[in-house]
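One letter stands for each residue in the lines below.
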Amino acid sequence: MTKISNHLPTARLQALDAAHHMHPFTAGNDLARHGARVITQARGVWLTDSEGQRIIDGMSGLWCVNIGFGRKELADVAARQIEELCYYNTFFQTTHVPAIGLADKLAELAPGDLNHVFYANSGSEANDTNIRLVRHYWAMKGKPEKTVIISRWNGYHGSTMGGGSLGGMKGMHAQGGLPIPGIVHIDQPDWYAEGGDLSPEEFGLERARQLEAKIAELGAGKVAAFIAEPIQGAGGVIIPPESYWPEIQRICDAHEILLIADEVITGFGRTGHWFGSQRYAIRPHIMTIAKGLSSGYVPIGGSLVCDEVAGVIAEGEFAHGYTYSGHPVAAAVALENLRIIEEENIVGHVHDVAGPYLAAKWAQLADHPLVGEARIEGLMASIALTPDKAARARFASDPGTVGYRCRERCFANNLVMRHVGDRMIIAPPLVITPAEIDILMERAVQSLDETLAELKADGLMVAG
Ligand code: PXG
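Analysis parameters
- Per chain, residue numbering runs from 1 following the sequence as it is written.
- Two thresholds apply to this predicted model, a pLDDT of at least 70 for residue-level local features and 80 or more for giving and counting side-chain atom pairs, whereas whole-chain, interface and lining totals are computed over all residues.
- For the side-chain quantities, the full set of heavy atoms in the structure was used; hydrogens and water were omitted.
- Boundaries of every domain are those given by an automatic assignment or by a domain database.
- A contact between two residues is defined here by any heavy atoms of the two lying within 4.5 Å.
- Between Lys or Arg on one side and Asp or Glu on the other, a salt bridge is scored when a side-chain nitrogen of the former is within 4 Å of a carboxyl oxygen of the latter.
- A 3.5 Å cut-off defines polar contacts: any pair of N or O atoms within that distance qualifies, except that in protein one atom must be a possible hydrogen donor and the other a possible acceptor, and neighbouring residues in sequence count only when both atoms are side-chain atoms.
- Note on conventions: DSSP H or I runs of at least 4 residues are helices, E runs of at least 2 residues are strands, and numbering of each starts at the N terminus.
- Aromatic pairing here means that ring centres of Phe, Tyr or Trp (its six-membered ring) are within 6.5 Å. Orientation follows from the plane angle: under 30 degrees is stacked, over 60 is edge-to-face, and everything else is tilted.
- Categorising residues by exposure relies on relative accessible area from a 1.4 Å probe, with only protein chains included: less than 20% of the type maximum marks a residue as buried, more than 50% marks it as exposed, and the intermediate range marks it as partly exposed.
- Geometrically, a charge over a ring is one whose NZ (Lys) or CZ (Arg) sits within 6 Å of the ring centre while staying within 35 degrees of the ring normal.
- The near set for a molecule or strand comprises every residue that places at least one heavy atom within 4 Å of it.
- Areas reported here follow the Shrake-Rupley algorithm with a probe of radius 1.4 Å; residue values treat only the protein chains shown as occluding.
- Put simply, Ala, Val, Leu, Ile, Met, Phe, Trp, Tyr, Cys and Pro go in the nonpolar bin, Asp, Glu, Lys and Arg in the charged bin, and everything else, Gly too, in the polar bin.

Novice: Pulling in residues and values, what's your account of the domain arrangement of the protein?
Specialist: Split by domain assignment, the protein resolves into domain 1 (37-67 + 346-457) and domain 2 (73-343). Each of domain 1 and domain 2 has a C-alpha centre, and these two points are 26 Å apart. Between domain 1 and domain 2, the contact holds 31 residues from the first and 36 residues from the second. Applying the counting criterion to the domain 1 and domain 2 interface returns one salt bridge. We note a salt bridge from arginine 279 to glutamate 377, for which the minimum N-O separation is 2.7 Å. Across the domain 1-domain 2 interface, the total number found is 17 residue pairs in polar contact (both at pLDDT 80 or more). Secondary-structure elements contributing two or more residues to the side of domain 1 that touches domain 2 are helix H3 (60-63), helix H15 (346-364), strand S11 (371-377), strand S12 (380-385) and strand S15 (423-426). With five residues, the single largest contributor to the side of domain 1 that touches domain 2 is S11.

Encoded structure:
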């Protein structure tokens, strides 16, 4: 294989990057001051940067490289597909073999009667599709007033006008006029931060019943759908109490509300099941997929749609689509990715090997003086940092100050572990081995120790 390693010195790359490349979710001036880390190569769970450092990737890129980096099979499939049919569209009564093959495979893997896929290129696009799809469905059913979509504060559903509106990130809403009309938010099931004196199970029921209250306030005749991630990812790996999802399911069933499970992160093995919906016995009408669908090797996403909704939509023409819906190269790569997940029993590896092994070690972090709670499901995990464990206290400093410092310590120790406010999160590639988990944990503990020492030295171990 030809290596693409003939690059410029790091400082020059960083200067060019800061001058010409506008980064997502990055403060531009910080970038110019510090320079971005330049990642040049990756294999398995290991990244290499332009200085030759080897970094363990605790985030699977951005929650997506489920099968690990550098699988040659996917490169071969992409090359073959580009030669055979590099592009054709799926509009106007045409199709092609990769789009068909992937749709068939997804129908087989997806739970219940989610037998139909509408392709997009990302999770954001798929959620934009979902907004139009559910409203159009109810219009076709003679209920055009059912338009409102209920979602949750601190949920994440993407960055487009639709996805950003469905999401409940106030910082995003503050930029560019979000949310768009017809989207309302209820509170998240984050017991650690918001549960007060309730038990987790009481709190889970209380938060689920906010959905029923919101439906009553709006009138069920106005509500099209409820959308949520089975486990919130970008919100900080918020694992809901066990009481939460059964109550949400009951409420959606009782009030004729479509249920959309956003499985962009929880799909394709992340929780130790093919889909997070299976972990929580959720029966969604629509599932949003992306990321792990192709393990991030190429962009592809989509909406998995149940028989009833797809049947009604099929009665007319859904005036919606993207040039690259079902792109043949992306579909072929995704199909090969799914073959690898299935044949190598990667979901079983998460469920039986890597998940339990990491869980045992992760739970021990709860004893660290800086950690208020340690949560894990499959291979997505989080810890809440706190100055006072017993009180589940927040820091006096601005939210994220401590988390950012901890992330910087991790980076210095060649571990990618992210922060969301003052929570630290990981979601490593699903193929991670126990020996690699040992390395990850060693670096995580060292980074926590160093963060604690720094906070003490700077007088930041103070509750606010
Ligand atoms: N839904 C969920 C649940 C997601 O996590 C999207 C939709 C949007 O997907 P696209 O492919 O349009 O990005 C996501 C994406 C983070 C982070 O900071 C998380 C995502 C994307 C970027 C950053 O954790 N999730």
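Novice: Tell me about the packing of aromatic side chains, and please be specific about residues and values.
Specialist: Ring pairs (aromatic) are described by centroid distance and by the angle formed between their planes. A full pass over the atoms with the stated rule returns seven aromatic pairs. When the centroid spacing of 5.4 Å and the interplanar angle of 75° are considered together, the rings of phenylalanine 91 and phenylalanine 92 count as edge-to-face. The class of phenylalanine 91 is partly exposed, set by a relative accessible area of 26%. Between phenylalanine 118 and phenylalanine 318, the ring centres sit 5.7 Å apart and the planes meet at 70°, which makes this aromatic pair edge-to-face. Within this pair, whereas phenylalanine 118 is found in strand S4 (residues 116-120), its partner phenylalanine 318 is found in the loop between helix H13 (307-313) and helix H14 (328-343), the two being separated by 200 residues in sequence. Residue phenylalanine 118 is classed as partly exposed on the basis of its relative accessible area, which comes to 23%. Taken together, the ring pairs connect Phe268, Trp274 and Phe275 into an aromatic cluster. Seen from the ring of phenylalanine 411, arginine 37 lies directly overhead, with NZ or CZ sitting 4.5 Å from the centre. Taking the ring centre of tyrosine 192 as reference, the NZ or CZ of arginine 392 above it sits at 5.9 Å.

Novice: Hey, could you go over the site of the ligand for me, with residue numbers and the actual values?
Specialist: The full set close to the ligand counts 16 residues, and Trp63, Gly123, Ser124, Asp262 and Arg418 are the nearest of them. At 2.8 Å, a side-chain N or O of tryptophan 63 approaches an oxygen atom of the ligand. In this structure, an oxygen atom belonging to the ligand sits 2.5 Å away from a side-chain N or O atom of serine 124. For the ligand, whose unbound accessible area comes to 540 Å², protein coverage reaches 83%. At the level of secondary structure, the elements contributing two or more residues to the shell around the ligand comprise H3 and helix H6 (123-140). If you tally residues by element for the shell around the ligand, the top one is H6, at three residues. Considering only residue class, the shell around the ligand consists of six nonpolar, six polar and four charged. Looking at which domains feed residues into the shell around the ligand, each of domain 1 (37-67 + 346-457) and domain 2 (73-343) supplies at least three.

Novice: Let's hear about the environment of asparagine 127: which residues, and what values?
Specialist: Its place among the elements puts asparagine 127 in helix H6. Spatially, the C-alpha atoms of asparagine 127 and serine 303 are 7.6 Å apart, while their sequence positions differ by 176 residues. What asparagine 127 contacts, discounting residues up to four positions off in sequence, is His157, Leu166, Ile227, Asp262 and Thr288. In this structure the side chain of asparagine 127 is engaged in a polar contact, spanning 2.8 Å, whose partner is the side chain of threonine 288.

Novice: Would you mind going over the pattern of salt bridges in detail, with residue names and values included?
Specialist: Applying the stated criterion across every chain, the model contains 25 salt bridges. Here lysine 72 and aspartate 76 are joined by a salt bridge, their closest N and O atoms 3.0 Å apart. One end of the pair is lysine 72 and the other is aspartate 76, both in helix H4 (residues 72-84) and four residues apart, which spans about a single turn. The shortest N-O distance in the salt bridge between arginine 339 and glutamate 336 comes to 2.8 Å. Taken together, the residues arginine 339 and glutamate 336, both in helix H14 and three residues apart, mark about one turn of the helix. Assessed through its relative accessible area of 30%, arginine 339 is described here as partly exposed. Judged by its relative accessible area of 14%, glutamate 336 is buried. Through salt bridges with shared partners, one network takes in Arg209, Glu212, Glu247 and Arg250.

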